[in-house]
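For reference, the chains in residue letters:
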Amino acid sequence: MSEFNGLLLEANLIDGAWTGAEGGSEIDVTNPATGEVIGTVPNCGAEETGRAIEAAARAFDSYSRSDLSQRVRLLQDLHDALMDNQEALALLLTSEQGKPLPEARGEISIGAAYIRWFAEEIRRAKGEIVPSPTRDRQLLVTRHPVGVVGAITPWNFPSSMLARKLGPALAAGCTIVAKPATATPYSGLAWGKLCQDVGFPDGVVNVLTGSARAIGGAIMDSPTVRKVTFTGSTEVGRILIRQSADTVKKVSMELGGNAPFLVFDDADLDAAVEGAMIAKYRNAGQTCVCTNRFYVQAGVYDAFVSKLKAATAALVVGNGVDEGVTQGPLIDEAAVRKVEELIADATGKGGAIIQGGRRHGIGGTFFEPTTIANATQDMRFATEEIFGPLAAVFRFDNEEEAMAAANATEYGLAAYAYTRDLGRAFRLNEGLDYGLIGINAGLITTVEAPFGGLKQSGMGKEGGSQGLDDYLETKYMCVAGLTA
């Protein structure tokens, strides 16, 4: 399609060649806003994955030894290619994922920013000379690319999630086998084409679509793949961590979340509601750092709920390509049913729907932005991830109660709080068991800072100076006999 600038690829990239699956098996890709089939992609499995791993291993021998300046230039050119094609990539993303076009443009932009960040940060991946206990020795600590990387990415941010893995891997000198989500494969395949266009050598970047079980299984079984990076559910992450043990792979896992959003009596309520709308309803609530639970102090509870209801009612639901739309469809029917189940559970236990609560009149997988008041800890969304446009509002009396409720989950990815009390802000930083904490801010992700969770929300960091660590191995070398 011309509107995609040739970036809608219906083949897989293996060793520099665009190819289909063995036997010609294909998967339909559907626009969740219209139900229309956009196109097809290969339904690849273990055999194609093996070839991609072999290609990445061959390419690693030379690419890992390439000049740092060459890798930096390639990444800078990749950043420019992404921004030159921002509109086409955003339209492609919205067509397969459903989010509003302005959000898709933002996703392409931050993905490009991650590429530029790691092009800069790799210049600062320094080693160390350690003071020796004796005069005849020098002790050196050096850093080296880990090897072939397997990357498995989700459907909710199909472009930027791959950027956070490709960027540090390619900067460090690693080669990569990437598997984008079956629901949103085209954004991942577009990365393969742009990498090829700017001059990355054949085999450095390979992109496969198809069976998650077969492709993921082949990646995990291969001793050649030395690191796996995964963004997705905690349930799948646990399986991959167990599978990594047989070949002792390095793993980084960005898993599920159940973000609390604390609003204290001293908060700026208008700012809190503005932050709440970003933290809750961006991408129709389908984000891992999305607020699940709003804990609001009793003194401002009614006022906050009233303001949140009004802001939620103002959201415009529709096809993400249409002007003025602020919420698109959910990704599929299963996602809709999950939200319906959580609403039924909450209302059955005393929760009050004050806004929305039903499938949208548009039909399909569109759902009304929903707010539920009088939420309690025995409701399922108190401990389960929602992944939909449902805001649950709890009441609390004091700081200790709020902190305990916020931490009462197996997850520990993101948390938010609104308060004017500086001392409280630092107590929250100390007491909240979360890897990302936003104080008076509802959107906190940035390329300059590490992104990653605690507890069962994962391990490892993406972004910041820490984002390179999992793609580099550390070696120590002792050089003796240096004195005459």
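Heads up: the structure comes first, above all this text.
Right, let's walk through the structure included here. Small disclaimer: the values here were computed from a predicted structure and weren't measured.

Thresholds, definitions, all that
Residues numbered from 1 in each chain as written. Predicted model: local features only at pLDDT ≥ 70, side-chain atom pairs only at ≥ 80, totals over all residues. Heavy atoms only, no water. Helix = DSSP H or I, 4+ residues; strand = E, 2+ residues; numbered from the N terminus. Buried < 20%, exposed > 50% of the residue type's maximum accessible area, 1.4 Å probe, protein only. Contact = heavy atoms within 4.5 Å. Areas by Shrake-Rupley, 256 points an atom, 1.4 Å probe, with all protein chains shown as cover. Salt bridge = Lys/Arg side-chain N within 4 Å of Asp/Glu carboxyl O. Axes fitted to C-alpha atoms, helices over the stretch in contact; angles between N-to-C directions. Parallel < 35°, antiparallel > 145°, perpendicular 65-115°, else oblique. Left-handed = near helix turned anticlockwise from the far one by under 90°. Nonpolar A, V, L, I, M, F, W, Y, C, P; charged D, E, K, R; others polar. 1 Å grid on protein atoms, 1.4 Å probe; cavity = no way out; pocket = protein on both sides within 12 Å on 5 of 7 lines; lining within 4 Å. Points joined across faces, edges and corners; volume = space filled by probe spheres on them. Pairing = 2+ DSSP bridges. Core = buried A, V, L, I, M, F, W, Y, C linked by side-chain atoms within 4.5 Å. Phe/Tyr/Trp six-rings, centres within 6.5 Å; stacked < 30°, edge-to-face > 60°. Lys NZ or Arg CZ within 6 Å of the ring centre and 35° of its normal.

Attention now goes to the overall build of the protein chain. Secondary structure summary: the protein chain contains 13 helices and 20 strands in total. Seen through its C-alpha atoms, the protein chain measures out along the principal axes to roughly 75 × 60 × 40 Å. Counting every position in the protein chain, which comprises 484 residues, the buried fraction comes to 56%. Put simply, of all contacts in the protein chain between residues at least 6 apart along the chain, 73% involve residues at least 24 apart. Total accessible area on the protein chain stands at roughly 18600 Å², and carbon and sulfur atoms take up 50% of it.

Moving on to the pattern of salt bridges. This structure, assessed with the given rule, holds 24 salt bridges. A salt bridge links K99 to E107; the nearest nitrogen and oxygen atoms lie 2.6 Å apart. Just as K99 is buried, E107 falls in that class too. Overlapping salt bridges, with partners in common, bring together R164, K165, E254 and E462 in one network.

This next bit is on the packing of helix α9 (residues 269-281) against helix α10 (residues 301-313). The geometry of α9 relative to α10 is characterised by a closest axis approach of 10 Å and an angle of 50° between their N-to-C directions. What the angle tells us is that α9 and α10 run oblique. In terms of crossing hand, the pair formed by α9 and α10 is right-handed. Only A303, F304, K307, L308, A311 and T312 of α10 make contact with α9, whose side of the interface consists of L269, D270, A272, V273, A276, M277 and Y281. The residue inventory of the contact of α9 with α10, partitioned by class, reads ten nonpolar, one polar and two charged.

Next up on the list: the layout of surface pockets. Take a probe with the size of a water molecule and roll it over the atoms, and the empty space left behind shows itself. As a volume, the largest pocket reaches approximately 1300 Å³. Taken together, 41 residues line the largest pocket, and the ones lying closest to its centre are W155, F230, G232, S233 and V236. Going through the elements one at a time, α7 (212-221), β10 (225-231), α8 (234-244) and α11 (333-348) are the ones with two or more residues in the lining of the largest pocket. Broken down by element, the residue count for the lining of the largest pocket peaks at seven residues, all from α8. Considering the residues around the second largest pocket, the lining is formed by 17 residues, among which E107, I110, F157, R282 and L443 are closest to the centre. Listed by contribution, the elements that provide at least two residues to the lining of the second largest pocket are α4 (101-121) and α5 (160-172). With five residues, the single largest contributor to the lining of the second largest pocket is α4. Classifying every residue of the lining of the second largest pocket by side-chain character gives eight nonpolar, four polar and five charged.

A few words on the pairing of strand β3 (residues 26-30). With burial as the criterion, only one face of β3 is covered, namely that bearing I27 and V29; the residues E26, D28 and T30 on the opposite face remain uncovered. Bridge count between β3 and strand β4 (residues 37-42): five bridges; the pairing is antiparallel. Following the sheet pairing, D28 is matched in β4 by T40. Counting the residues in the hairpin turn of β3 and β4 gives six residues, including G35, whose phi is positive at 80°.

With that settled, the discussion passes to the sheet that holds strand β13 (residues 291-297). Judged by pairing direction, the sheet is mixed, and its seven strands sit side by side in the order β14-β15-β16-β13-β12-β17-β18 without closing on themselves. The sheet terminates laterally at β14 (352-355) and β18 (436-439), the two strands that pair on one side only. Each strand of the sheet is rotated relative to its neighbour by a mean of 20°, with strand direction disregarded. Here strand β17 (residues 414-418) pairs with β18 via four bridges, running parallel.

Moving on: the nonpolar core. Proteins that are soluble and globular tend to have nonpolar side chains buried together. If you look at the biggest cluster of nonpolar residues, it comprises 60 residues, and the most contacted ones within it are L78, L82, L170, Y186, W191, F200 and V205. When neighbours within four sequence positions are excluded, L170 is seen to be in contact with Y63, R71, L75, C195, F200, V204 and V205. One finds A284, A392, A406 and Y434 within the second-largest nonpolar core, a separate group that totals 32 residues.

On to the packing of aromatic side chains, then. For the coordinates displayed, the defined rule picks out nine aromatic pairs. An angle of 50° between the planes, with centres 5.0 Å apart, marks the rings of F261 and F294 as tilted. A residue pair is termed long-range when its members are at least 10 positions apart, and F261 in strand β12 (residues 259-263) and F294 in strand β13 qualify at 33 residues. F294 carries the same exposure label as F261, and that label is buried. Joined through ring pairs, the aromatic side chains of F261, F294, F304, Y416 and Y418 make up one cluster. The lysine or arginine in question, R164, covers the ring of F451, its NZ or CZ lying 4.0 Å from the ring centre. The residue whose ring lies beneath K227 is Y471, and the NZ or CZ to ring-centre distance is 4.8 Å.

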